[in-house]
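Listed here are the chains, written in short residue letters.
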Amino acid sequence: MKKTILSAIACTALLFSSCEEWDPVFTLENGNPSRYEDCPCPSQVVKEGDIVVNTTIADLAAMYTNGNPFEIKDDIVIAGRVITTDRPGNFYKSIYIQDETGAIELKLGKTSLYNDYALGQKVYVKCGPQPGSKGLFLGSYGYKSGNYGGNGMVQLGCEDPSGEYETAYMEDEYIINKHVFRGSPQDIDIPVPAVLTASQMPSKDATLKTCKYLGQRVTLKGLRYGGQTFTLLYINGNESNKNSKNRVFLSDQTWNITTWAMSKTNFLNHLRAGDWDEASVGNSGDYNYGTVGSALLSYVEETDPAFYENVHNDNDFKYSVNRLVFGKNTSEYIADGDELASKWIRYCLVRNANGYSVSQYFDFGGKEIQIRTSGFSKFADREIDPAVLSGEKTIDVTGVLSLYQGSIQLVLNNIDDVTVNE
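Residues numbered from 1 in each chain as written. Predicted model: local features only at pLDDT ≥ 70, side-chain atom pairs only at ≥ 80, totals over all residues. Heavy atoms only, no water.

Peer 1: What is the right way to look at the overall build of the chain in this model?
Peer 2: Helices and strands together make up the secondary structure of the chain, namely 9 helices and 16 strands. Expressed as a percentage of contacts within the chain between residues at least 6 apart in sequence, the contacts between residues at least 24 apart total 70%. When the accessible surface of the chain is split by element, carbon and sulfur atoms take 46% of a total near 18700 Å². (Helix = DSSP H or I, 4+ residues; strand = E, 2+ residues; numbered from the N terminus. Contact = heavy atoms within 4.5 Å. Areas by Shrake-Rupley, 256 points an atom, 1.4 Å probe, with all protein chains shown as cover.)

Peer 1: I keep staring at the packing of helix H3 (residues 264-272) against helix H8 (residues 344-351) and nothing clicks. Help me out?
Peer 2: Packed helices, taken two at a time, are described by their axes: the angle between them and the distance between them. With their axes 10 Å apart at the nearest point, H3 and H8 run at an angle of 165° to one another. Taken together, the axes of H3 and H8 are roughly antiparallel relative to one another. With respect to the hand of their crossing, H3 and H8 are arranged in left-handed fashion. Between H3 and H8, the contacting residues are Phe-267, Leu-268, Leu-271 and Arg-272 on the first element and Arg-346, Leu-349 and Val-350 on the second. Tallied by class, the residues present in the contact of H3 with H8 amount to 5 nonpolar, no polar and 2 charged. (Axes fitted to C-alpha atoms, helices over the stretch in contact; angles between N-to-C directions. Parallel < 35°, antiparallel > 145°, perpendicular 65-115°, else oblique. Left-handed = near helix turned anticlockwise from the far one by under 90°. Nonpolar A, V, L, I, M, F, W, Y, C, P; charged D, E, K, R; others polar.)

Peer 1: Where do I start with the pattern of salt bridges in this structure?
Peer 2: One side chain can pair with another of opposite charge once the charged atoms of both are near each other. A complete count under the given rule lists 8 salt bridges for this structure. Across the pair Glu-173 and Lys-110 runs a salt bridge, and its minimum N-O distance is 3.0 Å. A residue pair is termed long-range when its members are at least 10 positions apart, and Glu-173 in helix H2 (residues 173-179) and Lys-110 in the loop between strand S4 (103-106) and strand S5 (122-126) qualify at 63 residues. Accessibility expressed as a relative area gives 22% for Glu-173, which makes it partly exposed. Judged by its relative accessible area of 15%, Lys-110 is buried. The partner of Arg-346 in a salt bridge is Asp-277, and the shortest N-O contact between them spans 2.9 Å. (Salt bridge = Lys/Arg side-chain N within 4 Å of Asp/Glu carboxyl O. Buried < 20%, exposed > 50% of the residue type's maximum accessible area, 1.4 Å probe, protein only.)

Peer 1: Just to check I follow, could you spell out the sheet that holds strand S7 (residues 153-157) for this structure?
Peer 2: Hydrogen bonds between backbone atoms are what pair the strands of a sheet, whose relative direction is either parallel or antiparallel. Taking strand neighbours across the sheet as the criterion, the 8 strands line up as S1-S6-S7-S4-S3-S2-S5-S8 in an open arrangement whose pairing is mixed. The open sheet has two edge strands with one neighbour each: strand S1 (70-71) and strand S8 (180-182). The pairing of strand S3 (residues 95-98) with S4 spans 4 bridges and is classified as antiparallel. From the neighbouring strand, Ile-95 faces S4, where its bridge partner is Leu-106. (Pairing = 2+ DSSP bridges.)

Peer 1: What is the right way to read the nonpolar core from this model?
Peer 2: Side chains of nonpolar character tend, in soluble globular proteins, to be buried together. By size, the foremost hydrophobic cluster in this structure holds 62 residues, and its most contacted members are Ile-78, Ile-97 and Leu-156. With near-sequence residues (within four places) excluded, Ile-78 lies in contact with Val-53, Thr-55, Thr-56, Ile-57, Leu-60, Ile-97, Ile-104, Val-123, Tyr-124, Val-125, Cys-127 and Leu-156. In terms of nonpolar packing, the next biggest core, distinct from the first, is built from 39 residues, Ile-257, Ala-261, Leu-271 and Tyr-289 among them. (Core = buried A, V, L, I, M, F, W, Y, C linked by side-chain atoms within 4.5 Å.)

Peer 1: Hey, could you run me through the side chain of Thr-167 in this one?
Peer 2: Note that Thr-167 resides in the loop between S7 and H2. Ignoring any residue separated from it by four or fewer positions in sequence, one finds Thr-167 in contact with Lys-107, Phe-137, Leu-138, Gly-139, Gln-155, Gly-157, Cys-158 and Asp-160.

Peer 1: Mind showing me how you'd approach the environment of Asn-236 here?
Peer 2: Note on placement: Asn-236 falls in the loop between strand S10 (217-234) and strand S11 (247-250). Residue Asn-236 is classed as buried on the basis of its relative accessible area, which comes to 14%. Sequence spacing of Asn-236 and Arg-247 is 11 residues, and the spatial spacing of their C-alpha atoms is 8.8 Å. In this structure Asn-236 touches Asn-246, Thr-303, Trp-344 and Asn-352, once residues within four positions along its chain are discounted.

Peer 1: Is there a simple way to explain the packing of helix H5 (residues 305-313) against helix H6 (residues 315-326) in this structure?
Peer 2: Between H5 and H6, the least distance of the axes is 6 Å, while the angle of their chain directions is 105°. Taken together, the axes of H5 and H6 are roughly perpendicular relative to one another. Counted together, Phe-307, Asn-310, Val-311, His-312 and Asn-313 of H5 and Asn-315, Phe-317, Lys-318 and Val-321 of H6 form the full contact between these two elements.

Peer 1: What is the right way to look at the pairing of S5 in this model?
Peer 2: Sheet faces and side chains relate simply in a regular strand, where the side chains alternate between the two faces. For S5, the tally of buried residues reaches 4 of 5 residues, placing the bulk of the element in the interior. Sheet topology places strand S2 (residues 77-82) next to S5; 5 bridges connect them, and they run antiparallel. Paired with Arg-81 across the two strands is Lys-122, which belongs to S5. Two strands pair when backbone bridges link them, and S5 and S8 are joined in this way by 3 bridges, in the antiparallel orientation. Bridge assignment links Val-125 to a residue of S8, and that residue is Val-180.

Peer 1: Sorry if this is basic, but what is going on with the side chain of Lys-122 here?
Peer 2: In this structure, Lys-122 sits in strand S5. Here Lys-122 is in contact with Glu-48, Ala-79, Gly-80, Arg-81, Phe-181, Arg-182, Gly-183 and Asp-187, once residues within four sequence places are set aside.

Peer 1: Would you mind going over H3 with me for this structure?
Peer 2: Think of an α-helix as turning once every 3.6 residues; residues three or four places apart then point the same way. Listed in full, the buried residues belonging to H3 are Asn-266, Phe-267, Leu-268, His-270 and Leu-271. Check the buried side of H3 and you find it contacts S10 and H8. One or two positions beyond H3, positive phi appears at Gly-274, with a value near 80°.

Peer 1: Is there a simple way to explain the confidence of the model for the chain in this structure?
Peer 2: Detailed reading of the predicted model is not advised wherever pLDDT is low. On average, the chain scores 90 in pLDDT, and the residues at 70 or more come to 89%. This stretch, residues 1-40, has a pLDDT under 50; its non-local contacts, to residues over four places away or in other chains, come to 101 contacts. (pLDDT = per-residue confidence, 0-100.)

Peer 1: Sorry, what's going on with a nonpolar patch on the surface here?
Peer 2: On the surface, Leu-119, Ile-188 and Ile-190 cluster together to form a nonpolar patch covering roughly 220 Å² of accessible area. Within the secondary structure, Leu-119 sits in the loop between S4 and S5. (Patch = residues over 30% accessible without salt bridge, like charges linked within 9 Å, V, L, I, M, F, W, Y side chains within 5 Å.)

Peer 1: When you look at the pairing of S2 in this model, what are you seeing that I'm missing?
Peer 2: Taking burial as the measure, the 6 residues of S2 include 6 buried ones, the bulk of the element. Here S2 runs beside S3; their pairing, made up of 2 bridges, is antiparallel. Residue pairing in the sheet places Val-82 in a bridge with Ile-97 of S3.

Shown next as structure tokens:
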């Protein structure tokens, strides 16, 4: 990562892609430091009492109101124990810390954070302005207004200069070093996850005031598979991810996705097998563009006129499209221009193939729980036990409890956090 020495008093950020999709996590080992001076950045390791904590995480979170991110200008200091790890790749560029009142996400903007922030290590955050740095920003991700929306999760980060998100990554080492400090790497105390019941699940409008477990690692027992997944696909990298005609929602059924998420390879296998050919393009109520397997020709001609022209008139281009859409060793070949043009969505999805996050739905005493997993996690392609998928068996799960647009989600540290009940 390129490091920049800042003299201005501004936070900089590498912005999330839409829906804050994860990227690969590179896992370089720094070992297990046994002395302060052995730590990667010894000046950032503090002893107990060096920093005075004056605010709880719950009190900090209570300062936020939906839709109103703000720079923290007061001398506010929080502390908590690290409860997440990015080593298996299911958390990206951030950590959650937890105190006795709640938990919050710190958007640090670096990968391989597990080398510097061990599970159970204490972390102190000076939220207000520091010499040479503005105060951190308190905001939220995942809030949606209206009857079909609800709250998201409060975060600490920097100001997003684009205004697209309420917070952005701290990103630069200079900013992080001004605000974030680590306790001794020998002082490890991993909070024990609370075992919750369905009645303790957050409402769609919950905050830390009404549900102290938000952001904490918790254990839910006896979850039964709900028979549906959720994945949002984006068709054209040149179009806004917010445009209806650029979206495909894989929801309300399983779409033959039997893994916790999808790596790029797994994604391509599903796509070329035609598993999603019947999935409609567009937001609900705007299905005017066809399906993954059969795009409307007028839509293709309007959106990508060069492609439309070439599949009708250029045989070499036709061949390359066939290879992309069906795979290198396919025996299938479409010569007709209109028929091949109808495969434009498949063509785009193959060209833009990537790992994709998946939410697998489970029932927990009548409450719907989404277990959300990154397509870049090491266990993305791990098959869910067939007996779980059939409903024959249930699972016990430990993960970070969160809300996204009012829906309850659970994010795992590792696949070992899932136990199949015999």
